[in-house]
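Residue-level listing of the chains:
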Amino acid sequence: MTQTELTAAADHGVGMTARRDAWWLQPLLIFIGLTTFGVYAIWAAWQGNNYLYVGHGAYYLSPFYSPDLQAIFGFQPPFSFAFLVLWIPLGFRASCYYYRKAYYRSYMLDPPACAVGEPKNRCYQGERKFPFILQNLHRYFFYLALLLLVSLWYDAIRALFFRGPNGGLQLGLGVGTLVLFFNVITLTAFSFGCNSCRHLIGGQLNCFSCSCTTRTRYKLWRGVSVLNLKHMEWAWVSLFAVGFADLYIRLCAMGIWHDVRLW
Ligand code: FES
């Protein structure tokens, strides 16, 4: 089938296409995945409790509540303080170039897939007007997300230390420690594969080989570009990891799951 025939079929309205493959499957799975995560994240943030597990000397803090602003500043807002944190990863992911493609297709059907009809009477104007102009804030969300990564690395490393019977801290390893490390490693891979990160490191240069600094930037740019090649995969793995980390700590704190000390 030619490109012209495919385009002609898609012109007949939303969902119309000459494609015979399961083009609808990917947008459907993305819709289910993002909706499930979104509902869970709002519910977990709303709770305002069971975000910290301190059984058998462990110290596991849910990534939804990191940094622990309540402990740091000693104040109790009239709502769950997770909401003071979560707008950063929300803005970072919502303005991510991969996620834009994913939810434009899955939620707005605009278009649902290549060569599939989209809703009529929509005049695409790029991202120059409200609300889509806000997508241009992505680089600033990237900077804020880096701050959160520092906090998450601190939490993962903190989870390597367990309080002993005499009150001192000992090095150890629990399943929760692995969960927190898995979370922060995947989030780091996702964040450093960001296009804004690539631009920050390798952008605005006319010559990569002209000096020691530019050569170093070139090497770093190539490194983060490797992560960028799998940005979609890192987006999903990290989304699962952060949701699972909260779930794991929540269920341990509620006494439903029991953390196992491996060492
Ligand atoms: S492009 Fe996806 S996080 Fe920046």
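Structure first, text after, so check above.
Structural notes, computed from the coordinates. (Residues numbered from 1 in each chain as written. Predicted model: local features only at pLDDT ≥ 70, side-chain atom pairs only at ≥ 80, totals over all residues. Heavy atoms only, no water.)

**What about unusual backbone geometry?**
- A cis amide bond links Ser 66 with the next residue in sequence, Pro 67, at an omega value of 0°.
- Relative to the elements of secondary structure, Pro 67 occurs in the loop between β2 (60–61) and α3 (69–73).
- Residue Pro 111 is reached from Asp 110 by a cis peptide bond, and omega for that bond is -5°.
- Mapping Pro 111 onto the fold places it in the loop between α5 (97–106) and α6 (138–158).
- Its identity as a non-glycine residue notwithstanding, His 56 has a phi of 40°, on the positive side. (Helix = DSSP H or I, 4+ residues; strand = E, 2+ residues; numbered from the N terminus.)

**Overview of the nonpolar core**
- Judged by nonpolar contacts, the single largest core of 33 residues is most densely connected at Tyr 53, Tyr 60, Phe 64, Tyr 65, Leu 180, Val 184 and Ile 249.
- Discounting residues that sit within four places of it in the chain, Tyr 53 has contacts with Ala 58, Tyr 59, Tyr 60, Ile 249, Cys 252, Ala 253 and Asp 259.
- Ranked by size, the runner-up nonpolar core spans 19 residues in total, among them Phe 92, Tyr 103, Ala 145 and Val 224. (Core = buried A, V, L, I, M, F, W, Y, C linked by side-chain atoms within 4.5 Å. Buried < 20%, exposed > 50% of the residue type's maximum accessible area, 1.4 Å probe, protein only. Contact = heavy atoms within 4.5 Å.)

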